[in-house]
Amino acid sequence: MPPARDLSEICPKRVSTQTRSGARRARSLTSVGWGVCVIAYLAVSGPVAAETRPKYAGKVEGTLLGAPVTFDPIAARSHPDLVVAELLFDPLYRMGAPGTVQPHLAAAVPVPVAGAARPTVKVQLRRGVRFHDGSQLTASDVVASLERARVQNKWLLAAVSAIRAVAADEIEIETAASVDLATLLSQPATSITKGGRDPGDKPVGTGPYALEALDRAKARLTVKAFDDHFAGRVYLDRLVLHWYTAASAEAGQYETDAIQISSRGTAVYAGSQPTYRADDVEGPKALLVYVGFGRAHAAVTGDPDFRRALDQALVRNGLAALTSGEHVTPASVPVPEEAGGGVLSPAVAAGNLSAAQASLAAAARRVPALAPDRIGSLKLEILVEESRPDDKDIALRVARALLQLGIASTIATLPAPQYAARVRDGNADLWIGQLAAPVMMAPLWWGHAFAAGRDDALVKSYASGRFDAAAAKKLFEARLPIVPLMFRSIKLWHRTDIRGLAFDAAGVPCFAELFLFGSPRSTRR
Amino acid sequence: MNLRVAGVAIACACTAVPAEADPRANGDGYLGRLVRDVRTRLDDLAAGHAPKIVPPVPVAVTWKQAKLISFDPGAPLLALMGADLDGDGKAELYAVTAREVIALGWRGSRFTELGRVSFSGDPAVPAPRDPVGTVHVRGAQLIAASSAWAKELVVGWNKKALVGQLGGAGFQRCAHNRAALRPGRNHFDDNTYGKRCRDDLVDPQGYPLHATATLATSGKLTVDLEQCQPGGATCRPAGTYAFTSGVAFEIGDVDRDGKPEVIVTGTGAPGDGDFVKVTTIGGATLFTSKPTMGGVVGIAAADLDGNGVGEVVVAIRLAGGTHLDLMRLD
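This one's a predicted model, so the numbers in the text were calculated from it and none came from an experiment.

1. Quick notes on the domain arrangement of chain A
Residue and element names in this part refer to chain A.
Step number 1: Along its sequence, chain A is organised into domain 1 (1-15 + 31-66 + 214-282 + 490-525), domain 2 (90-198) and domain 3 (287-488).
Step number 2: Counting residues at the interface gives 18 residues for domain 1 and 23 residues for domain 3.
Step number 3: Taken together, the two surfaces of domain 1 and domain 3 that pack against each other cover about 1700 Å², and 60% of this comes from carbon and sulfur.
Step number 4: Between domain 1 and domain 3 we count one salt bridge in total.
Step number 5: Here D390 ties to R264 by a salt bridge, and the two come within 2.8 Å at their closest N and O atoms.
Step number 6: Summed over the shared surface of domain 1 and domain 3, the result is four residue pairs in polar contact (both at pLDDT 80 or more).
Step number 7: Taken together, the residues of the side of domain 1 that touches domain 3 break down into eleven nonpolar, three polar and four charged.

2. Quick look at the environment of L403 of chain A
Step number 1: Looking at where L403 of chain A falls in the secondary structure, it is placed in helix α10 (residues 389-404).
Step number 2: Since its relative accessible area comes to 60%, L403 of chain A is described here as exposed.

3. So, the state of the cysteines
Residues and elements named next belong to chain B.
Step number 1: This model, assessed by the stated rule, comprises two disulfides over all chains.
Step number 2: With a sulfur-sulfur separation of 1.8 Å, C174 is cross-linked through a disulfide to C197. Of note, the bridge from C174 to C197 carries an S-S torsion of about 90° and is right-handed in sense. Linking C174 in strand β10 (residues 171-174) with C197 in strand β12 (residues 192-202), this pair joins segments that are 23 residues apart in sequence.
Step number 3: Its relative accessible area of 25% is what places C197 among the partly exposed residues.

4. Some points on the environment of A251 of chain A
All names here are of chain A.
Step number 1: Locating A251 in the fold gives a position in helix α5 (residues 247-255).
Step number 2: For A251, a relative accessible area of 2% translates into the label buried.
Step number 3: Counting along the chain gives 142 residues from A251 to D393, while the straight-line C-alpha distance between them is 18 Å.
Step number 4: A251 has contacts with S262, R264, G265, T266, A267 and V268, leaving out every residue within four places of it along the chain.

5. Some remarks on the pairing of strand β9 (residues 161-169) of chain B
Residue and element names in this part refer to chain B.
Step number 1: Two strands pair when backbone bridges link them, and strand β8 (residues 151-158) and β9 are joined in this way by seven bridges, in the antiparallel orientation. Bridge pairing links V155 to G164 in β9.
Step number 2: Hairpin geometry of β8 and β9 is characterised by an intervening segment of two residues between the two adjacent antiparallel strands and by a positive phi of about 55° at K159.

Definitions and limits used
- Residues numbered from 1 in each chain as written.
- Chains lettered and ligands numbered in written order.
- Predicted model: local features only at pLDDT ≥ 70, side-chain atom pairs only at ≥ 80, totals over all residues.
- Heavy atoms only, no water.
- Domains from an automatic or database assignment.
- Contact = heavy atoms within 4.5 Å.
- Buried area = accessible area lost by both parts, 1.4 Å probe.
- Salt bridge = Lys/Arg side-chain N within 4 Å of Asp/Glu carboxyl O.
- Polar contact = N/O pair within 3.5 Å; in protein donor to acceptor, adjacent residues only side chain to side chain.
- Nonpolar A, V, L, I, M, F, W, Y, C, P; charged D, E, K, R; others polar.
- Helix = DSSP H or I, 4+ residues; strand = E, 2+ residues; numbered from the N terminus.
- Buried < 20%, exposed > 50% of the residue type's maximum accessible area, 1.4 Å probe, protein only.
- Disulfide = S-S within 2.5 Å.
- Pairing = 2+ DSSP bridges.

Pasting the structure below:
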């Protein structure tokens, strides 16, 4: 059995923004392709143990980027849903900030089964892992969870042809082709639920925290420490996460110490001071904001040339200003620079209206509603989730691009559940969406982007294990399942006595590593 | 014969529990007289067979911080100890990481890695988020434990190769002290972060001195001293001293004056800068290191170069990394 890694290496102690060497490694991983994206056991980060050790006590009130919609890890798409999934559930493997995959619920890396007719691996499970209800994790829970993920998430486990339990603590996974299973099984969608079931509104996972309460009216989620978490009890007793419909509300809450972690700064007005000083930490630019397309005007929004026209008309330069201090990179491909996505040229970022009009004209030849004599009566609706206030500004820029093309639009701001339902049902024209994935893993980004656009064009290449990033890019440019807008990081301001705050490779805050140490520093001298 | 049996039994009781703790043993009654008589006889017998008492010869120690080696063990360092397990007259330095035990020492003029052995067996479930480890020397073997693994690793030298075998469950901290972690947490179930015992020290007269340092989760480091008869058959409490320390600490008699030094670290938060302070057992400061960029995660006091004078070696690690700087303080 290969040596176990320290679980805390998933979340480094220091700020986890990507280093140049990390980016170089990412490019090299991407260039050699999906199949050989090996599990790297590099010593890159460590645990918090140093001079003294964190104590087990306290409560912290923090923030989510928006309202969570689901507890089901398979359905988790937005950043808040991914944060919640990581609090409540565990996958078999976890990806660390530098892109390394480490055994998590699995006890070791997948081991090839010799002599099998098809590529098959055995995955040994950790013994003694418990769910929040005290029951023991079994191989059947794992098989059922992965089977559900395989069915509901077509591309991610497309290469997997069979999953079976071979012992109480061992499973076998058969694949149609040789793939890097550990990386796939590190994705939140493959997290293990009790009996493999959709957890509904009463999630029972093995994760570091257990759900205590979800209060949508008060816009807060409370989780409590799970004493028996296999990777160690979290240091905090309780974590409360809030979401807001206005950025200033969140900053105001930090200012008065109603919350101790904020993603929108520390004070409402420039020059005003919060009660306590703040440190800040910033993650990788691993959150993609994009325009998604629904089916309310399917002929219009489903047309690749219409999408291209919107893509070309967008002025992405201005998006960089829509931040609370975090880094933003405008993007037209759904792959970050660190994973080989390249840098958007200033010319493209500034938009190209004449090219956009040419694309629209091409679309109009197929879509009567886009014809010059009818386009004036077309009105598209852009959906925005109300607890993501930045998205409203982004939607305005999308609306402006449409207007440049002669298309009127309205912006509908909806509560998270209604927004999610309409997006899921395709009951919309356009929406502002979010994707988060490990920043260096190009194959995952391409897969997520096509899945967000409900486009199965890449599934075959994932199933064959012969993923080709260049071919994916070509396909993406032809079909534009989504229109990428920008990659952004998450920056969190936190009270100085809150320690251990860092981000994983997908820019998800590692709330499981938080601890309180000492006293907060007042801003008053 | 009966008296001898009774004497052994009472002597054991005297050894295990300080005589002052039992009022009957101090009294003038039969039991008290018997204990004193037995103790005297045993002391006389032990003195007849004991190693010769040799008072230590103090040496002048020049405290000066200097880098010994920088290296990356590939996993967080959990414990550090110096011991001469290979019997060459020079102590080796044993670094216990979350994955391995690494031996370091002088090879010619180079301080270098001498060998390493991996932990094996089942991973521990649950394991604390910040790994915890212990190290204890038993004869020519070193018993190491890492909270990442269910069982200890027993390490020794076979000819010139460092070899290891699976040990027992738990954490051997001292000869007579095994402990278990509070499940999933970074401290032991007796609310301590660590314990260090030394029975290779002598007092100014040359009598064996046993020292036990225990670090509570509050940061209070308690050092208990016992003065023993030659051979260590009977020991008497010789004082209890209190300090404050981070998780890395050590006791030793570096200047060989028969009074142990206590080496403590800062109590700052993980990730903050740190320092090392060498004090007398009475609390007087002998040396304070320059502030370190990283945390001090291990301290060892041992005679690494075999010149008869101990060295204090500290391991410093930047939070978030596994890379170590080993510094010698004298």
